Amino acid sequence: MGIYFEARQGADKIFGKRRGISGELTVSSSSPGTSYLRTRTLRKSAAQAAAEQAAQAELSLARSVAPNGLICTRNGDIIEVLGDISVYSEIRAGMSTSLNVKMLIDPLRSEASSLIAVSIRNEERRDGRWHSVSLPTGNRVQLQAFPFLNHKGGEVHCLLAINSKFEEEKELKFEEISDRDQREYVERMELEIRSTQEALQQTIEELQTANEELQSSNEELQSTNEEFQATNEELETSNEELQSTNEELLTVNEELQISSAERQALASELEAMLASSPYAVALADQALIIRRLSRVAQDVFGIGELPPTGLHLSHCHLPSGFPALAPIANTVLRLQETRRIPVLSGSDYYTLILSPVLDLHQKLIGLSITVTRFDNEPFNDVLRLVSKVTRVGFWTQNLQTDETYLSPESHAILGIDDETAGLSLDGLLARVHPEDRTSLQSRLDRLFVDGGSFEFEARFFDDTGNTLNIAGSLMVFQDSHGENIQLIGVCWDKAKFDERDLMLGCSVAVQNHLSVGIFSFDVMNNVPVWNPPMYGLLGYKQGTDVPSVEKLLERVHEEDRDFIKDGLQDVLTIGQSFHYQLRLRTSDGSYASGELFARARRDKAGRTTHVFGGLQLYRSGPE
């Protein structure tokens, strides 16, 4: 089929109609940046689709031209295989297994490379010779080369079409054939001669191409020779510069020898200062080699005696939780800015400070490393004690490592079943009711900026999904440089506190309504306590009269007084409960009937610690 096609000129182009994309140029005034990105994405997609369509069209055209063939580069590397070329290729031991035209059978192998080179060079189709072969597809085979420009990469490729046919071979004597057959024989010989001429012309062109390549190589060698000569001159110049630099270095060496004594004295003073320093301080040069460090720094950095050549920062054995020093030191040297990094190591807080060191001329000479410790263990002990006594839970989080601790009381208050589970700040906010979450998040953001503390009331969800009414307070702690290092929160079950206050209020209201007085006596501390109705029943004024057993007995009828006194004494000494009806003199001088009861409260050792009871009147009557 190759005889029906011919290569077009390289400057010829085939253009297809561009189809518009719906909404491609739609611009929204509300979001100009989004419209620009959408338009750019659509254009890119359209260009990609057009490129794929062009590549598919080229491949379809190639298959129509060459049902069996190859698409390859100018070097013979195969890009695409068209049809079935298995009968035209062979792989033997010792051959290269790469996809190249060298895998074709002889004589196609040697002819393919020359056809590709000539066709690409002349930018036109080239037909190879018909070769006699013995294949299932025919006994005659021919190669045709079609150069074309690949639109995707802009590189010139070549289409190799493999044509085959069956041709009957007859051996006739010239004297025995007719005039017509003689003419056909002569025409066939002329075709063979023309084919041979074309092959010779092809060989000539290949030789010309090789000659041009040799000329180009010669020119490149000449250019390389000139470059070598220029390099030689540069080396001679560099040699002179090195000699001059050597002389300068000799001069500098003499100056360094003069100032060596002064530097040794300064080094001795600095070493004595660092040795006696109570802080962890180290000095490193620009190569991150530690040159000086204090005794405390040796313990913190895990360094024994410092070698005379110094020690690189990467060889320091810092406690767990400390970051790698080398990357941070490189940043400090590059930006010449001080870096302060809060560090949590175990249960201890440290502040790691790296600062650039400048000389008298403000020239960078190294950096200093300082480590300070923040003692927080007493603070944690106080928190645990307060939480246990008051049954108020507390929660802490390291703002640098996100390590959290949740007290047992907090697990119970927040309804967390897993007693070992922590609770991050995000986890805490996730448990907040959606209607209260925004307000709490806003207050947290202000806390991280302004510092200090705040109190809150919010609804939380426990593990089972029930709603809990929780109150609490959050506080952020900062180091000496103002860095936020620790977030501490306390919480309590607001519903239980409200319920307790409500029950106490109701109890007081009921006691007032029923005229029930309650008294308590702390035996160990000798502290009596009356509730307000008790003052009213006995005719005393709260805040003025001090409650006591004697004042109670003063209001009891004389006939009942001794019995009441003995009963209270039995409660105090032997813990026997007491319950007796009595007559009580009121504030207007009349007597009212009522009952008095008392009980004892004992500790684990059996000692009476409190005596408590109540007084209730039935009615008023004459003496």
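Residues numbered from 1 in each chain as written. Predicted model: local features only at pLDDT ≥ 70, side-chain atom pairs only at ≥ 80, totals over all residues. Heavy atoms only, no water.

Q: Which parts of the structure should I look at to understand the side chain of Asp-285?
A: Examined against the element boundaries, Asp-285 turns out to sit in strand β7 (residues 280–285). At 3.1 Å, the side chain of Asp-285 forms a polar contact with the side chain of Arg-291. Those residues in contact with Asp-285 that sit more than four places away from it in its chain are Arg-291, Leu-333, Ile-365, Gly-366 and Leu-367. (Helix = DSSP H or I, 4+ residues; strand = E, 2+ residues; numbered from the N terminus. Polar contact = N/O pair within 3.5 Å; in protein donor to acceptor, adjacent residues only side chain to side chain. Contact = heavy atoms within 4.5 Å.)

Q: Is there a simple way to explain the confidence of the model for the chain in this structure?
A: Reading predicted coordinates in detail is not appropriate for stretches of low pLDDT. With 88% of its residues at a pLDDT of 70 or more, the chain shows a mean pLDDT of 80. Considering each helix and strand of the chain separately, the mean pLDDT is smallest for helix α1 (residues 32–65), with a value of 71, and largest for helix α5 (residues 325–335), with 90. Below a pLDDT of 50 lies the segment residues 1–31, which in the model reaches 31 contacts outside its immediate sequence neighbourhood of four places, other chains included. (pLDDT = per-residue confidence, 0-100.)

Q: Help me out: how do you make sense of the environment of Arg-443 in this one?
A: If you trace the backbone, Arg-443 turns up in helix α9 (residues 434–450). Arg-443 sits in the partly exposed class, given a relative accessible area of 29%. Measuring from C-alpha to C-alpha, the distance between Arg-443 and Ser-453 comes to 9.6 Å, with 10 residues separating the pair along the chain. (Buried < 20%, exposed > 50% of the residue type's maximum accessible area, 1.4 Å probe, protein only.)

Q: What should I look at first to understand empty space enclosed by the protein in this one?
A: Empty space left among the atoms is revealed by rolling a probe the size of a water molecule over them. Following the criterion strictly, the structure yields 1 cavity of 30 Å³ or more and no others. One number sums up the size of the largest cavity: a volume of about 120 Å³. Taken together, Trp-395, Leu-414, Leu-428, Leu-440, Phe-456, Phe-460, Ile-470, Ser-473, Leu-474, Gly-489, Val-490 and Cys-491 form the lining of the largest cavity. At the level of secondary structure, the elements contributing two or more residues to the lining of the largest cavity comprise β15 (452–461), β16 (467–478) and β17 (484–493). Here the residues of the lining of the largest cavity are counted per class, giving 10 nonpolar, 2 polar and no charged. (1 Å grid on protein atoms, 1.4 Å probe; cavity = no way out; pocket = protein on both sides within 12 Å on 5 of 7 lines; lining within 4 Å. Points joined across faces, edges and corners; volume = space filled by probe spheres on them. Nonpolar A, V, L, I, M, F, W, Y, C, P; charged D, E, K, R; others polar.)

Q: Sorry if this is basic, but what is going on with unusual backbone geometry here?
A: For residues besides glycine, phi is generally negative; the peptide bonds are generally trans as well. Cis geometry marks the peptide bond from Asp-106 to Pro-107; its omega dihedral reads 5°. Its place among the elements puts Pro-107 in the loop between β2 (78–82) and α2 (108–122). The phi angle at Leu-288 is positive, at roughly 65°, despite the residue not being glycine. Mapping Leu-288 onto the fold places it in the loop between β7 and β8 (289–293). Classification of Leu-288 as buried rests on a relative accessible area of 4%. We note that Asn-526 has phi near 55°; this positive angle belongs to a residue other than glycine. Tracing the backbone through its elements, the reader meets Asn-526 in the loop between β18 (516–522) and β19 (527–530). With relative accessibility at 56%, the residue Asn-526 sits in the exposed group.

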